[in-house]
Amino acid sequence: MRPTRVIKKPPVTKFKTTPNLTNYPLLYSKLKWPQIERELYNAAKDPYNLAHFCIDRHCTSSRKNKAALFWEGTDARREVYTFYDLYRQTNRFANALKSQGVRKGDRVFVFLDRIPELYISLFGGLKYGAVVGPLFSAFGPDAIWDRLYDSGAKVVVTSPELVGRLDEVRSKLPALKKVIIVNKKHRPFELRSHEISYEDMMRKSPETYFKPHTSKSDFSIMHYTSGTTGKPKGAAHVHGSISCQYATAKYALDLQENDIYWCTADPGWVTGTSYGMFGPWSNGISMLVYEGSFNAEKWYHLIEQYRVTAWYTAPTAIRMLMKAGDDVPKKYDLSSLRHITSVGEPLNPEAIVWGLKAFGLAIHDTWWQTETGAIMIANYPTLPIKLGSMGKPFPGIRAAVIDKNGREVAHETEGDLALKPPWPSMFKIYWNKDDLYRSKFQKGWYVTGDRAWMDKEGYFWFVGRADDVINTAGHLVGPFEVESALIEHPAVAEAGVIGKPDPERMEIIKAFVSLKAGYTCSTALAEEIKKFVRTRLAAHAYPREIDFVDSLPKTRSGKIMRRLLKARELGLPIGDTSTLEE
Ligand code: 6R9
């Protein structure tokens, strides 16, 4: 057993505000999901709908004119939207979808930068009863096509800046009928026959209440997530997931009425919707959205300027802040901060120690997945933090470490991290992939694909992934996606992709590539291939390192043995090679 450093928490009276969760064992023993649901939903009068829980319900309360969204653009433009503003705008969007002939259950995808219209489109779509799907604005044509084709998306909301990438694959998307163009920067743009101006559409559409016709079990949102084999799969959630996002935002993120909350995640990632939309707004919290990407000075400046109190970010971002230096945070007034949380990768003990110095606060790790829809394991404001541990299961959630037979293993023994189904935000399907969905449930458990162990006090410790999925700066990337993009390059014959440990990004993507006859390896060619994948797939999903090889190790059935590539790369024992091709 490793020695553990523990951060003990002060008595409740010493907190800036009393945490929502003061007694973890008590809440763990008594939380019942239907009871949580009743805090949000009155069956006699409320529609069961995410937009209702997050926006409309606040408009009949004192929160009506409260700021829901503080938005700052990359060019320092600022906008503020109250809950009532969002109510009216999402009514317009939902009414417009109706007049465009969109039907309940149709897939409406949003491919935009982090601008307010992204939030209005997603919530307008949810209010209408569409199944919404956010796409990272960093996606290239291949990544876009995979998701829009698989989901059969009927509508895409995008912008003049991004539509060119959609145009490259539009002819291969038979289900796509309408493209709505948000022209926030007023660029000269001539609409084509399948395109609609967002601004015109919204102007013409009435802001009268659109009453949602959804139920608890209707699909709400889908996120594409990567696996070891095959293309990314669409994990779909239902409106009923809100109970989990609401409760976890309240008790794990500790969001409180007067908070200014900042979730740095993009809505293309599940963190940017579950906790960049649903969790905070169902609690009626004011939230900051910054359009731009990471910049240490800018981030500190935003915290100072908006008096951010609660902050949800990621270990890579924290490591990048650490790298920017200890003097940088000292230049800013960060005294508004009172609770910091993190997700996506293991949070190194060094990062927590640094956070204590830089912010005077412990960073609280949380663990969950696209499939779980909400935080499942977390460190809580009033529980001691064991540095390096993900914390304890959220009340209402049963987590365990199991063996291959579904039996719980002894304390401090490594095994598969598993959760007892169901819980409200559990994914309900992988779109078009029923068998794969079923395969995730074994012997009465949802098996997460992560390896972990639990200590005697019920704290969970992350060990690693059970599969080949790469976690680079919090983004899950399937090696198969990258290999597929690589072999589209005219020079590439075959490609094998692994995650290589990296001090800042946790892992980087490394590719082993064999070339077609007539091509010779060179640094210039490696750079060209990197750029090719970067533009086809996404900026976070290209190989930062490429090695040229004569051939790749393969199994007899022709599968590339990534395990072997990784072992060779890291100088580890090669293990069982009995299935290796001659
Ligand atoms: C929300 C999200 C899920 C995978 C998960 C695990 C890794 C997430 C973590 C963590 C160690 C943590 N992961 N949180 N690993 N410590 N606190 O990240 O969803 O993109 O689906 O990724 O990320 O491997 O299985 P998603």
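Everything numeric here is computed off the predicted structure, so don't read it as measured data.

(A) Highlighting the overall build of the protein chain. The number of helices and strands found in the protein chain is 18 helices and 29 strands. C-alpha atoms of the protein chain, sized along the principal axes, occupy 70 × 65 × 50 Å. Burial analysis of the protein chain (582 residues in total) assigns 59% to the buried set. Put simply, 70% of the contacts in the protein chain that link residues at least 6 apart link residues at least 24 apart. The distance from the centre of the 80 positive side-chain charges to the centre of the 65 negative ones in the protein chain is 5 Å.

(B) Structural context of empty space enclosed by the protein. Enumeration over the complete set of coordinates arrives at three cavities of 30 Å³ or more. Forming the walls of the largest cavity are R77, L112, D113, I115, S159, E161, V182, K184, K185 and E291. As a volume, the second largest cavity reaches approximately 40 Å³. Looking at the second largest cavity, the residues that line it are D142, D146, K231, E481, S484, A485, E488 and L537. Of all elements in the fold, only α6 (141-151) and α16 (479-486) reach the threshold of two or more residues within the lining of the second largest cavity.

(C) Looking closely at helix α9 (residues 242-251). With 10 of 10 residues buried, α9 lies mostly within the body of the structure. Taken together, the buried positions of α9 are occupied by I242, S243, C244, Q245, Y246, A247, T248, A249, K250 and Y251. Residues of α9 that are buried sit in contact with α1 (24-30), α2 (33-40), α3 (50-54) and α10 (270-282).

(D) The site of the ligand, seen in detail. The local shell around the ligand holds 19 residues, among which D365, T366, Q369, T370 and D450 are the closest. One of the backbone N or O atoms of E345 is found 3.3 Å from a nitrogen atom in the ligand. For the ligand, a nitrogen atom lies 2.7 Å from a polar atom in the backbone of T366. Against a free-state accessible area of 530 Å², the protein chains account for coverage of 98% of the ligand. Of all the secondary-structure elements, those providing two or more residues to the shell around the ligand are α10, β15 (363-367) and β24 (460-465). Top element by residues in the shell around the ligand is β15. It accounts for three residues. For the shell around the ligand, the residue count by class is nine nonpolar, six polar and four charged.

(E) Quick look at the pairing of strand β20 (residues 415-419). By the criterion of burial, β20 is predominantly enclosed, with five of the five residues buried. Sheet topology places strand β19 (residues 399-402) next to β20; four bridges connect them, and they run antiparallel. Bridged to A399 within β20 is L419. Here β20 pairs with strand β23 (residues 445-454) via four bridges, running antiparallel. By the bridge assignment for β23, A418 is matched with V447.

(F) Here's a closer look at the environment of D56. In this fold, D56 is placed in the loop between α3 and β2 (67-72). A relative accessible area of 5% means that D56 is categorised as buried. Apart from residues lying up to four places away in sequence, D56 is in contact with A51, Y87, K127 and Y209. A polar atom in the side chain of D56 sits 2.9 Å from the side chain of K127.

(G) Highlighting the pattern of salt bridges. Taken as a whole, this structure holds 54 salt bridges when the rule is applied. Between D455 and K386 there is a salt bridge; the shortest N-O distance is 2.7 Å. In this pair, D455 is assigned in the loop between β23 and β24 and K386 in strand β17 (residues 385-386), connecting sequence segments 69 residues apart. We note that D455, like K386, is buried. Here D467 ties to R465 by a salt bridge, and the two come within 2.9 Å at their closest N and O atoms.

(H) Inspection of the packing of helix α12 (residues 315-324) against helix α14 (residues 349-359) at higher detail. As a packed pair, α12 and α14 sit with axes 10 Å apart at the nearest point and diverge in direction by 60 degrees. Taken as axis vectors, α12 and α14 run oblique relative to one another. When the axes of α12 and α14 are compared, the crossing they make is left-handed. Between α12, through I318, L321 and M322, and α14, the contact on the second element is made entirely by E350, A351 and W354. For the contact of α12 with α14, a count of residues per class yields five nonpolar, no polar and one charged.

(I) Structural detail: the sheet that holds β15. Spatially, β3-β2-β12-β11-β13-β14-β15-β16-β18 is the arrangement adopted by the nine strands of the open sheet, whose pairing is mixed. In this open sheet, the two strands that pair with only one neighbour each are β3 (78-82) and β18 (392-393). In this sheet, β15 lies alongside strand β14 (residues 339-342) in parallel orientation, the contact comprising three bridges. Within β15, the position partnered with I340 by the bridge is I363. Its contacts with the sheet put helix α11 (residues 296-306) on β2, β3, β11 (260-263), β12 (286-290) and β13 (310-313), and the angle it makes with β2 is roughly 145 degrees.

Rules used throughout
- Residues numbered from 1 in each chain as written.
- Predicted model: local features only at pLDDT ≥ 70, side-chain atom pairs only at ≥ 80, totals over all residues.
- Heavy atoms only, no water.
- Helix = DSSP H or I, 4+ residues; strand = E, 2+ residues; numbered from the N terminus.
- Buried < 20%, exposed > 50% of the residue type's maximum accessible area, 1.4 Å probe, protein only.
- Contact = heavy atoms within 4.5 Å.
- Lys, Arg positive; Asp, Glu negative; His and termini not counted.
- Charge placed at Lys NZ, Arg CZ, Asp CG, Glu CD.
- 1 Å grid on protein atoms, 1.4 Å probe; cavity = no way out; pocket = protein on both sides within 12 Å on 5 of 7 lines; lining within 4 Å.
- Points joined across faces, edges and corners; volume = space filled by probe spheres on them.
- Near = heavy atom within 4 Å.
- Polar contact = N/O pair within 3.5 Å; in protein donor to acceptor, adjacent residues only side chain to side chain.
- Areas by Shrake-Rupley, 256 points an atom, 1.4 Å probe, with all protein chains shown as cover.
- Nonpolar A, V, L, I, M, F, W, Y, C, P; charged D, E, K, R; others polar.
- Pairing = 2+ DSSP bridges.
- Salt bridge = Lys/Arg side-chain N within 4 Å of Asp/Glu carboxyl O.
- Axes fitted to C-alpha atoms, helices over the stretch in contact; angles between N-to-C directions.
- Parallel < 35°, antiparallel > 145°, perpendicular 65-115°, else oblique.
- Left-handed = near helix turned anticlockwise from the far one by under 90°.

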